[in-house]
Amino acid sequence: MGAFGKDFTSLMAFSRYSDNQWQTPSLQPLDDFKLTPASHVLHYASTCFEGLKAYRWADGRIRLFRYRDNIKRLRASAKALCLPIPDEALLDTMIKQAVLAVESEIPDLPKSLYIRPTLIGTETNIGAAGRASSEAYLYIMTSPVGDYFSGGIRPLKLLIDELNMRSTPTFGQVKTGGNYAAALSSVIRAREQYGADQVLYCPQGNVQETGAANFFVLKSKTLITKKLDGSILPGITRDSIMQLAENQGFEVVERDFTVKELISWLPESEAFLSGTAAVISPVGHLIHNNKTHAVGNGEIGQHTLAFRKQLTDIQHGQAEDNNSWITVIS
Ligand SMILES: *Cc1c(COP(=O)(O)O)cnc(C)c1O
């Protein structure tokens, strides 16, 4: 098993949309497929995706975590991109089909199977810049992944960026390729010029999220994250952490906050990122106007680690699933 994102299983679930309907999904080798150079997606970025995981618990059976929420979000992304919206039932079938087809390739815990549903506009028409693609491919790739932190957890260093935006005020909630393309140059610059791991986008001084993860601050017993307003991705990990924290008596506050407020909180706070791939990543330092500010003492926060353990314990069957987040599929 190599780096995250480069090793795939042997099969994917595939369906094609044309003549106003989805074809019956099939299993295909996860291999090159044909796409004309004039495909809508290659010119006008009609593409969206999801990311979720399947786990092989100690009893050998395979479970998904909150996958219906990924289905809902993919459908919302498809709608925003004017792509054909796959039915919930089709996505449900294809996700399970893709996972069960490679069941023998799913590693034991703490490894898992990363699942990447992808929807692209395939109409052959470079004249369709201002029109929806009438054809599409939907495919579900899978990739065995290790424990993100097998090499040890290291607190991240984020660059606060008040100039660039990773998306627009309404498109930030869409899991679409264009948003990562828009963020890329600022992420590369942050890495090269500041040695930062990620950029924390804070247009006009308002804290949003990083290029691919939601951002949290924990200030004594209050957990703060930006409210969903269309500009940030409605993360499923984000929502799970908020529910777990609330159940443990933390005050959970979804609200807008500024860079100035954030910096004033740092000495007595913890901060972390959330997303499916890494679950929770501690943040140790924030760079702002060429000055590096430690979050707390700059080390991994104890509550951050506890939240991470609580969530992965549920995902791995080592803690009670009181929210019905787990679905057994084999
Ligand atoms: C995928 C993603 C997240 C995290 O979402 P999860 O559902 O928790 O995996 C956060 N921000 C962005 C920009 C993302 O693309």
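As the structure is a prediction and not an experimental result, all values here were calculated from the model.

### Things to note about helix α2 (residues 67–80)
The end-to-end C-alpha distance of α2 is 20 Å, a good match for the 20 Å that 14 residues give at a rise of 1.5 Å each. Considered for burial, the residues of α2 that qualify are Y67, N70, I71, R73, L74, S77 and A78. Phi turns positive one or two residues past the end of α2, at C82, with a value near 55°.

### Some details on the domain arrangement of the chain
Taken domain by domain, the chain holds domain 1 (11–145) and domain 2 (156–315). The partner domain 2 presents 18 residues to the 19 residues of domain 1 that form the contact. Roughly 1,500 Å² of surface becomes buried between domain 1 and domain 2 when both sides are summed, with 60% attributable to carbon and sulfur atoms. In this structure, the connection of domain 1 to domain 2 is made through 1 salt bridge. Put simply, D239 and R66 hold a salt bridge, and the shortest N to O gap is 2.9 Å. At the boundary of domain 1 and domain 2, one finds 10 residue pairs in polar contact (both at pLDDT 80 or more). Counting only elements with at least two residues in the side of domain 1 that touches domain 2, the list comes to β4 (47–49), β5 (52–56) and α2. Residue contributions to the side of domain 1 that touches domain 2 peak at 5 residues, all from α2. Of the residues in the side of domain 1 that touches domain 2, the class split is 10 nonpolar, 4 polar and 5 charged.

### Points about the site of the ligand
Neighbouring the ligand are 15 residues, the closest being K175, Y180, E209, T237 and T276. Taking A213, its main chain carries an N or O atom lying 3.4 Å from a nitrogen atom of the ligand. About the coverage of the ligand: the protein hides 96% of its 390 Å² of free accessible area. Structurally, the ligand is housed in the largest pocket.

### Focus: the layout of surface pockets
Roughly 1,100 Å³ of internal volume is contained in the largest pocket. F4, Y148, A212, A213 and A277 are, among the 46 residues lining the largest pocket, the residues nearest its centre. Counting only elements with at least two residues in the lining of the largest pocket, the list comes to β7 (112–121), β8 (136–145), α4 (177–194), α5 (236–247), β14 (269–275) and β15 (279–288). The element that contributes the greatest number of residues to the lining of the largest pocket is α4, accounting for 5 residues. Looking at the lining of the largest pocket residue by residue, the classes come out as 23 nonpolar, 15 polar and 8 charged. For the lining of the largest pocket, the two domains that each supply at least three residues are domain 1 (11–145) and domain 2 (156–315).

### Focus on the side chain of R308
As for its placement among the helices and strands, R308 is situated in helix α7 (residues 302–315). A polar contact is formed between the side chain of R308 and the backbone oxygen of A278, at a distance of 3.5 Å.

### Quick notes on the pairing of β5
Across the 5 residues of β5, 5 count as buried, placing the element largely inside the fold. Side chains L52, A54 and R56 of β5 all project onto a buried face; the interleaved residues K53 and Y55 project onto the opposite face, where all are buried too. Bridge analysis of β5 against β7 gives 3 bridges, and the strand direction is antiparallel. Each residue of the ladder has a partner; that of L52, found in β7, is I115. What sits between the antiparallel neighbours β5 and strand β6 (residues 62–65) is a turn of 5 residues, in which G60 has the positive phi angle 90°.

### Notes on the pattern of salt bridges
Applying the stated criterion to the full structure yields 15 salt bridges. Between R63 and D59 there is a salt bridge; the shortest N-O distance is 2.8 Å. A single salt-bridge network, built from bridges that share partners, covers K226, K227, D229 and D256.

### Section: the packing of aromatic side chains
Counted under the stated rule, the structure contains 11 aromatic pairs. Aromatic pair F14 and F33: ring centres 6.3 Å apart, planes at 55°, arrangement tilted. Separated by 19 residues along the polypeptide, F14 in strand β1 (residues 11–18) and F33 in the loop between β3 (26–29) and α1 (40–44) bring together distant segments of the chain. Arranged with centres 5.6 Å apart and planes meeting at 50°, the rings of F49 and Y180 form a pair that is tilted. Residue F49 is found in strand β4, and its partner Y180 is found in helix α4; the two are separated by 131 residues along the sequence. For F49, a relative accessible area of 13% gives the class buried. For K221, the ring lying beneath its charged end belongs to F250, and the centroid distance is 4.0 Å.

Reading the values: the criteria
Residues numbered from 1 in each chain as written. Predicted model: local features only at pLDDT ≥ 70, side-chain atom pairs only at ≥ 80, totals over all residues. Heavy atoms only, no water. Helix = DSSP H or I, 4+ residues; strand = E, 2+ residues; numbered from the N terminus. Expected span 1.5 Å × (residues − 1). Buried < 20%, exposed > 50% of the residue type's maximum accessible area, 1.4 Å probe, protein only. Domains from an automatic or database assignment. Contact = heavy atoms within 4.5 Å. Buried area = accessible area lost by both parts, 1.4 Å probe. Salt bridge = Lys/Arg side-chain N within 4 Å of Asp/Glu carboxyl O. Polar contact = N/O pair within 3.5 Å; in protein donor to acceptor, adjacent residues only side chain to side chain. Nonpolar A, V, L, I, M, F, W, Y, C, P; charged D, E, K, R; others polar. Near = heavy atom within 4 Å. Areas by Shrake-Rupley, 256 points an atom, 1.4 Å probe, with all protein chains shown as cover. 1 Å grid on protein atoms, 1.4 Å probe; cavity = no way out; pocket = protein on both sides within 12 Å on 5 of 7 lines; lining within 4 Å. Sits in = over half its atoms within 2 Å of the grid points. Points joined across faces, edges and corners; volume = space filled by probe spheres on them. Pairing = 2+ DSSP bridges. Phe/Tyr/Trp six-rings, centres within 6.5 Å; stacked < 30°, edge-to-face > 60°. Lys NZ or Arg CZ within 6 Å of the ring centre and 35° of its normal.

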